[in-house]
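Descriptive structure summary
Single-letter residue listing:
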Amino acid sequence: MIVVTGATGGLGGATVEHLLKRVPADQIGVSVRDAAKAQHLADRGVRVRQGSYEDPATLRDSFTGADQVLLVSGNDPAADMVGLHRNAVEAAVAAGTRRILYTSQQSAVPDNPYRPSDIHTATEAILGASGVAWTALRNGAYGPLDQLLGPWQRTGVITQPQDGPVPYTDRADVAEATAVVLAGDRSFDGPVTLTAPTAVTFDDFAKIASELTGSTVERIVLDDEQWVADQLAIGVPEQAARLMLSWYQAARAGYFAEADPLLAELLGREPRTAADRLAAHIDG
């Protein structure tokens with residue numbers, strides 16, 4: 001039995017879809033906040049149980065009988081995510097789970113300026129002390145490109161703070177690879193990194209966008225505080241703006257610069273590149 005948390009979300013839901021292509025539905029379970037939202041999975045034979053990181057008792061029930069549990073990391077900036085992840089790990093251990101997999105982040109190391117790294121490093125430490133086999137899937141950044149690049153298609157300009165090379169990764173590729181790991185015979189102990197094959201910068205994006213559109217797309221570097229002020233002016237909360245700023249700071253310090261070949265190995269093909277994704281975004 002493989003149990004996936006967050007199975008009504010983007011990454012968790014896509015992972016379950018790929019699992020259904022690889023293992024019988026009655027060997028898949030999901031732990032979700034609202035079971036009604038997973039009815040489409042129950043209709044296909046997946047075991048659906050209500051479970052919440054805030055309620056360890058429900059987690060223990062939803063993890064019952066699981067050989068493996070995939071813990072999809074939470075992202076509520078107002079919550080004690082380390083404490084909630086601890087609840088999930090302890091529930092999986094109590095349920096007798098053989099292996100816990102956790103969706104971490106590329107370069108989840110203690111000195112990474114990007115603030116969520118602290119949550120991931122702390123959770124990985126909890127996993128390491130759990131006494132159960134564990135795998136941390138350190139996924140490359142897979143956020144939407146329109147959110148990352150801003151309104152460049154309208155303005156012809158990518159206007160963001162100074163950045164650095166990042167192997168921007170397709171969430172669909174990450175989900176498929178996660179299913180491959182869960183359904184396969186090969187064990188991965190500790191942290192592994194899943195990224196697109198090439199790291200690119202905003203300068204690279206501007207060049208790619210110019211080639212794809214046939215129009216010059218310019219890259220303008222904003223001072224950090226000016227960028228934060230601009231974000232506040234369009235209604236972004238300061239906490240959210242400074243959180244994102246810490247990501248730019250980590251990128252330009254080189255924390256995300258290294259691409260890893262494992263994702264391609266798991267997929268048996270080349271993952272989608274930043275250029276592939278940008279082309280699809282333009283076409284869409």
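The structure we're discussing is the one just above.
Summary of the structure given here.

Criteria and cut-off values
Residues numbered from 1 in each chain as written. Predicted model: local features only at pLDDT ≥ 70, side-chain atom pairs only at ≥ 80, totals over all residues. Heavy atoms only, no water. Helix = DSSP H or I, 4+ residues; strand = E, 2+ residues; numbered from the N terminus. Contact = heavy atoms within 4.5 Å. Core = buried A, V, L, I, M, F, W, Y, C linked by side-chain atoms within 4.5 Å. Buried < 20%, exposed > 50% of the residue type's maximum accessible area, 1.4 Å probe, protein only. Axes fitted to C-alpha atoms, helices over the stretch in contact; angles between N-to-C directions. Parallel < 35°, antiparallel > 145°, perpendicular 65-115°, else oblique. Left-handed = near helix turned anticlockwise from the far one by under 90°. Nonpolar A, V, L, I, M, F, W, Y, C, P; charged D, E, K, R; others polar. Pairing = 2+ DSSP bridges.

Overview of the side chain of Asn 139
You can see Asn 139 is positioned in strand 6 (residues 133-139). Setting aside its immediate chain neighbours within four residues, Asn 139 contacts Leu 11, Thr 103, Ser 104, Gln 105, Gln 106, Val 174 and Leu 194.

A word on the nonpolar core
Membership of the largest hydrophobic core comes to 29 residues, with the highest contact counts inside it found for Val 30 and Leu 266. Elements with a contribution of two residues or more to this core: strand 1 (2-5), helix 1 (10-20), strand 2 (28-32), helix 8 (171-183), strand 8 (190-194) and helix 12 (262-267). With 5 residues, the top contributor of residues to this core is helix 8. Excluding its chain neighbours within four sequence positions, the residues that come into contact with Leu 266 are Ala 177, Val 180, Val 181, Phe 188 and Leu 194.

Structural notes on the packing of helix 3 (residues 56-63) against helix 4 (residues 81-94)
At a minimum axis distance of 8 Å, the contact between helix 3 and helix 4 shows a crossing angle of 45°. What the angle tells us is that helix 3 and helix 4 run oblique. When you trace helix 3 past helix 4, the crossing you get is right-handed. Across the interface between the two elements, Pro 56, Leu 59, Arg 60 and Phe 63 from helix 3 touch Asn 87, Ala 88, Ala 91, Ala 92 and Ala 94 from helix 4. A per-class count over the contact of helix 3 with helix 4 returns 7 nonpolar, 1 polar and 1 charged.

A look at the environment of Ala 183
Along the chain, Ala 183 turns up in helix 8. Separated by 91 residues in sequence, Ala 183 and Ala 274 have C-alpha atoms that sit 27 Å apart. The residues touching Ala 183, leaving out its near neighbours within four places in the chain, are Ile 2, Leu 19, Arg 22 and Val 23.

Regarding the sheet that holds strand 2
Across a sheet, paired strands are connected by hydrogen bonds in the backbone, their directions being either parallel or antiparallel. In space, the 7 strands of this open sheet follow the order 3-2-1-4-5-6-8, with parallel pairing throughout. At either end of the open sheet lies a strand with only one pairing partner, and these are strand 3 (47-50) and strand 8. Averaged over neighbouring strand pairs, the angle between their axes works out to 20° when direction is ignored. Where strand 1 lies against strand 2, 4 bridges are found, and the strand directions are parallel.

What is shown is where atoms sit, not what they do.
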